Amino acid sequence: MKHTIRQVFRSGKFVVGFSIFMGILLIVTFYPLIIRDAPLKIIGQGTFFAPGIYVNVYDSMGSPHYTILLDDAAAKRIADRLDDDDRQAIKEWLVAAGISEDAIEIENTESLLDLWVNNFDPTTRIPGMTNADRNYYIRLNTALDGLLSTEGAIVASVNPETGALEEKGVIRQTDYVNVNQVPNVRVLPLGTDNFGRDVLTELVQATAVSLRIGIVAGLIATFIGLVLGLVSGYIGGLVDDVIMFITNLFIVIPSFVLLILISFSIGQEQRGAFTIAVVIGFTSWVWTARAVRSQVISLRNRDHVNLSKLSGHSIAHIIAFDILPYIASYVVMALILQISSGILAEAGLSILGLGPRTTDVPTLGLMMNWAMIYQAHILGKWWAYFPVIIVIALIAFSMNLMNTGLDQVFNPALRD
């Protein structure tokens, strides 16, 4: 056994795949111990917050302010509120309103805004302008208010006695705060999803649930396929014919179609993560059974098996002690592939809306489903779906590497 383990871990492909898979397992194990938020907890009133560090604005006003002079601060501030698309849109509106195109300098921010302030009227109806265009220009006009101002922002509060606003301070454009001195800061490395939930926390929990689904489904599928393959391959005859007839029936009906029909018939309320795993397992055993059967057929007439027969051992004893050990490595490889297939099957089901209960636990497939329903891919909110794709790809890639590495170790024809 020690020699076999050493051989396995000398395989570069297996080591790489094993390292990736163990890294994923370590993250899903220890991350919840550090970040104790519920994975489906809504932390943001809004959808698709971009990844970044979020600082409480109210607390930042009371934190110590520091004066930092940056040469490009004003340019960055202007570029953030007036990008190239906005400049072009302003030019198009001014031209449509009768301003000569030669008089519009799109790169001269001061001149462009001067023309805009003096000519823009939200009540003006430009030919061909839709209501969506009109609302866009109104929002743009609001955002550009005071863009070139060098004055600070006045902080005021209501006097409880007079009801009038009283100045409490001024925030200058050169004021900065140290994020470590602001009491309420939230880091969102992957932003939030369509419900305002932390994508990273949700992704870690979803990965753990999908792995459990894959493991349960893989164990069930491998066990069923192993038992049927061993019995069919060793006993043969009528038993083999019956088992192969059932196996061929499952082959004729695509497993994913069967999986969809069963999941749909169960109903949304009864579709828990474990239920989905069991359904996937009971529809994925076919190719394992056929592969194990072919291996057993090649072993059942070996000398050591015939010797065991002559010794009077039972069929169960011969299968368990004289055949199974010789295909154990193949069974392990089959299990690895079944786990990977189970995770991919769950993702496919959930994307179709037939996965586990959406209010129960997140899975990788459900996260993809939510992102698609709320058009994250169309809106450019990549953090809602791209990390999920990466995780699914990493899991499948690591397991296929492990399987290839094991195949090179245990298959003499593939050894260098």
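The structure under discussion appears in the preceding block.
Conventions and cut-offs
Residues numbered from 1 in each chain as written. Predicted model: local features only at pLDDT ≥ 70, side-chain atom pairs only at ≥ 80, totals over all residues. Heavy atoms only, no water. Helix = DSSP H or I, 4+ residues; strand = E, 2+ residues; numbered from the N terminus. Rg over C-alpha atoms; globule rule 2.2 N^0.38 Å. Buried < 20%, exposed > 50% of the residue type's maximum accessible area, 1.4 Å probe, protein only. Contact = heavy atoms within 4.5 Å. Areas by Shrake-Rupley, 256 points an atom, 1.4 Å probe, with all protein chains shown as cover. Core = buried A, V, L, I, M, F, W, Y, C linked by side-chain atoms within 4.5 Å. Pairing = 2+ DSSP bridges. Expected span 1.5 Å × (residues − 1). Arc of directions from axis to C-beta. Axes fitted to C-alpha atoms, helices over the stretch in contact; angles between N-to-C directions. Left-handed = near helix turned anticlockwise from the far one by under 90°. Nonpolar A, V, L, I, M, F, W, Y, C, P; charged D, E, K, R; others polar. Parallel < 35°, antiparallel > 145°, perpendicular 65-115°, else oblique.

Peer 1: Explain the overall build of the protein chain here, please?
Peer 2: Scanning the protein chain from terminus to terminus reveals 18 helices and 6 strands. Whereas a compact globule of 416 residues would reach a radius of gyration of roughly 22 Å, the protein chain reaches 32 Å, over 25% beyond that. Taken along its principal axes, the extent of the C-alpha atoms in the protein chain is 105 × 50 × 50 Å. Taken across its 416 residues, the protein chain has 37% of its residues classed as buried. The contacts in the protein chain between residues at least 6 apart in sequence include a share of 73% that link residues at least 24 apart. Of the roughly 23,400 Å² of accessible surface on the protein chain, 61% is carried by carbon and sulfur atoms.

Peer 1: Can you help me understand the nonpolar core in this one?
Peer 2: Across soluble globular proteins, nonpolar side chains have a tendency to be buried as a group. Formed by 37 residues in total, the largest nonpolar core has its most connected members in Leu203, Leu364, Met367, Val388, Ile395 and Met399. Listing elements by their share of this core, those giving two or more residues are helix H2 (12–34), helix H8 (199–235), helix H15 (328–351), helix H16 (364–373) and helix H18 (386–410). When residues of this core are assigned to their parent elements, the largest contribution, 8 residues, is made by H18. Dropping the residues within four chain positions of it, Met399 is found in contact with Phe21, Ile336, Ile339 and Ser340. Counting 19 residues, the second largest nonpolar core, distinct from the first, contains Ile78, Leu94, Ile126 and Met129.

Peer 1: Quick question: what am I supposed to make of the pairing of strand S3 (residues 153–158) here?
Peer 2: Strand residues, when the strand is regular, have side chains that alternate between the two faces of the sheet. Here 6 bridges tie S3 to strand S4 (residues 165–171), and the two strands are oriented antiparallel to one another. Its bridge partner lying in S4, Val158 is registered against Leu165. Counting the residues that bridge the hairpin from S3 to S4 gives 6 residues, and of these Gly163 lies at a positive phi of roughly 80°.

Peer 1: For this particular structure, what's the right way to read helix H9 (residues 237–252)?
Peer 2: Because each turn of an α-helix spans 3.6 residues, side chains separated by three or four positions in sequence point in the same direction. Helix length check: H9, at 16 residues, gives a terminal C-alpha distance of 22 Å against a target of 22 Å (1.5 Å per residue), a fit within 8%. Every buried residue of H9 is listed here: Asp240, Ile243, Met244 and Thr247. An end-on view of H9 places all buried positions within 100° of arc, on one side of the element. Residues of H9 that are exposed and point more than 90 degrees away from the buried face comprise Leu238, Asp241, Phe245 and Val252. Those residues of H9 that are buried lie in contact with H8 and helix H12 (286–299).

Peer 1: Honestly, the packing of helix H10 (residues 255–266) against helix H11 (residues 273–282) in this entry has me stumped. Any pointers?
Peer 2: When two helices pack together, you describe them by how their axes are tilted relative to each other and by the distance separating the axes. Their axes nearest at 10 Å, the elements H10 and H11 cross at an angle of 150°. H11 is crossed by H10, and the crossing has right-handed handedness. In contact with Leu259, Ile262, Ser263 and Ile266 of H10, H11 contributes Thr275, Ile276, Val279 and Ile280. Looking at the contact of H10 with H11 residue by residue, the classes come out as 6 nonpolar, 2 polar and no charged.

Peer 1: Where do I start with helix H14 (residues 315–323) in this structure?
Peer 2: When we look at burial in H14, the residues that qualify are Ile318, Ile319, Asp322 and Ile323. The buried residues of H14 occupy one face: seen down the axis, they fall within an arc of 115°. Facing away from the buried side of H14 by over 90 degrees, the exposed positions are Ala316 and Phe321. Looking at the packing, one finds that the buried side of H14 touches H8, H12 and helix H13 (303–310).

Peer 1: When you look at the packing of H10 against H15 in this model, what are you seeing that I'm missing?
Peer 2: Packing of H10 against H15 brings their axes to within 11 Å, and their N-to-C directions diverge by 55°. With respect to each other, H10 and H15 are oriented oblique. Considering only the axes of H10 and H15, their crossing is right-handed. Residue-level contacts link Phe256, Leu259, Ile260 and Ser263 of H10 to Ala345, Gly348 and Leu349 of H15. Across the contact of H10 with H15, the residue classes break down as 5 nonpolar, 2 polar and no charged.

Peer 1: I tried to follow unusual backbone geometry on my own but got confused; where do I start?
Peer 2: If a residue is not glycine, its phi is most likely negative; likewise, a peptide bond is most likely trans. Its identity as a non-glycine residue notwithstanding, Phe48 has a phi of 55°, on the positive side. Summarising the element assignment, Phe48 is placed in the loop between H2 and strand S1 (52–55). Judged by its relative accessible area of 8%, Phe48 falls in the buried class. Not every positive phi belongs to a glycine, and Gln375 is a case in point at roughly 60°. With respect to the secondary-structure elements, Gln375 resides in the loop between H16 and helix H17 (376–379). A relative accessible area of 41% places Gln375 in the partly exposed class.

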